[in-house]
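Results of the structural survey
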Amino acid sequence: TQVLDVLIVAGGVEVFRSCSAAVKNWLQELDRKGVQLGGICTGAYVLAAAGLLDNYACSIHWESKAVLQELFPLVQPNDNLFTVDRSRLTSAGGTAPLDMMINIIRSNFGPDLARAISEMFLLDRIRDEFDIQKVPLQNNLRIASKKLAEAISLMESNIEEPISLE
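Worth saying up front: this structure is predicted, and the values here are computed from it rather than measured.

Rules used throughout
Residues numbered from 1 in each chain as written. Predicted model: local features only at pLDDT ≥ 70, side-chain atom pairs only at ≥ 80, totals over all residues. Heavy atoms only, no water. Helix = DSSP H or I, 4+ residues; strand = E, 2+ residues; numbered from the N terminus. Buried < 20%, exposed > 50% of the residue type's maximum accessible area, 1.4 Å probe, protein only. Contact = heavy atoms within 4.5 Å. Phe/Tyr/Trp six-rings, centres within 6.5 Å; stacked < 30°, edge-to-face > 60°. Lys NZ or Arg CZ within 6 Å of the ring centre and 35° of its normal. Axes fitted to C-alpha atoms, helices over the stretch in contact; angles between N-to-C directions. Parallel < 35°, antiparallel > 145°, perpendicular 65-115°, else oblique. Nonpolar A, V, L, I, M, F, W, Y, C, P; charged D, E, K, R; others polar. Polar contact = N/O pair within 3.5 Å; in protein donor to acceptor, adjacent residues only side chain to side chain. Core = buried A, V, L, I, M, F, W, Y, C linked by side-chain atoms within 4.5 Å.

1. A closer look at the environment of Ile102
- Examined against the element boundaries, Ile102 turns out to sit in helix H4 (residues 96–109).
- A relative accessible area of 2% places Ile102 in the buried class.
- Here the alpha-carbon distance between Ile102 and Ile126, two residues 24 residues apart in the chain, equals 7.5 Å.
- Once residues within four sequence positions are removed from consideration, Ile102 is found in contact with Ala114, Ile117, Ser118, Leu123 and Ile126.

Following this line, the structure appears as structure tokens:
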């Protein structure tokens, strides 16, 4: 008898240290049994290390995307908050797992329940699979100058009402 329908691997800092052969074997066994597998934050790394994300699109926290691409070239990481690709569920860190779960609830139980849950979490909107992770400006542009990054961030946050140069 199968006990699990879905298993989500919760990642974290230095997840590779806890990604043992036993864990990878167990995940492979669950996959063979038809359990839907997912990873949140760096949990996608564990699935990739077990060979369970080969030829799948996936989401992972922006800080880990380059490492995932380098170590696992058959994995297709993107910049989305979350990705549902066939039997794989992956999401970036932070609040992205909540967005993923609300979208799964919407798909399975309808928009009314999803909206009610999002209101309980005080969300102003339900983000979907195609919303992109917000990468801090300094990381996105590789800006070394803290002052320049602060100036660009200030301009970005005032697009609707431009501020003076002073």
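2. Points about the packing of aromatic side chains
- Enumeration according to the criterion identifies 1 aromatic pair in this entry.
- Relative to Phe72, the ring of Tyr45 lies with its centre 5.4 Å away and its plane at 75°, an arrangement referred to as edge-to-face. Taken together, the residues Tyr45 in helix H2 (residues 43–49) and Phe72 in the loop between helix H3 (65–71) and strand S4 (76–78) connect sequence positions 27 residues apart.
- By relative accessible area, which is 16% here, Tyr45 ends up buried.
- If you follow Arg86 out to its NZ or CZ, it ends over the ring of Tyr56, 4.1 Å from the centre.
- Geometry around Tyr56 places Arg88 over its ring, the cationic atom sitting 4.8 Å from the centre.

3. What about the environment of Ala48?
- One can find Ala48 in helix H2.
- Placed 23 residues apart in sequence, Ala48 and Leu71 show a C-alpha to C-alpha distance of 8.9 Å.
- If near-sequence neighbours (up to four positions away) are discounted, Ala48 is found in contact with Leu53, Leu68, Phe72 and Val75.

4. Looking at the packing of H4 against helix H5 (residues 111–120)
- Axis separation between H4 and H5 bottoms out at 7 Å; the angle between their running directions is 150°. It follows from the interaxial angle that H4 and H5 lie roughly antiparallel. Contacts between H4 and H5 pair Ile102, Ile105, Arg106 and Phe109 from the former with Pro111, Leu113, Ala114, Ile117 and Ser118 from the latter.
- Considered class by class, the residues forming the contact of H4 with H5 number 7 nonpolar, 1 polar and 1 charged.

5. Quick word on the side chain of His61
- Structurally, His61 can be placed in the loop between strand S3 (57–59) and H3.
- Assessed through its relative accessible area of 18%, His61 is described here as buried.
- Apart from residues no more than four positions distant in its own chain, His61 is found in contact with Cys41, Ala92, Gly93 and Gln133.

6. Quick look at the side chain of Asp131
- Summarising the element assignment, Asp131 is placed in the loop between H5 and helix H6 (137–141).
- Side-chain polar atoms of Asp131 contact the side chain of Arg125, separated by 2.9 Å.
- Other than its neighbours up to four places away in sequence, Asp131 contacts Asp79, Asn80, Leu81 and Arg125.

7. Thoughts on unusual backbone geometry
- Positive phi values are uncommon outside glycine, yet Cys41 reaches one of about 60°.
- Here Cys41 lies in the loop between strand S2 (36–40) and H2.
- Phi at Leu122 takes a positive value of approximately 60°, unusual for a residue other than glycine.
- Looking at the secondary structure, you find Leu122 in the loop between H5 and H6.
- Residue class for Leu122 comes out exposed when judged on its relative accessible area of 77%.

8. Some remarks on the nonpolar core
- Among the nonpolar cores identified, the biggest contains 22 residues, and Leu7, Leu27, Leu37, Leu47, Leu53, Leu68 and Val75 are the most heavily contacted of them.
- For this core, the elements supplying multiple residues, two or more each, are strand S1 (6–10), helix H1 (21–32) and H2.
- Not counting the four nearest positions on each side in its chain, Leu47 is found in contact with Val9, Leu27, Leu37, Gly38, Gly39, Leu52, Leu53 and Thr90.
- Ranked by size, the runner-up nonpolar core spans 6 residues in total, among them Leu81, Phe82, Ala92 and Met100.

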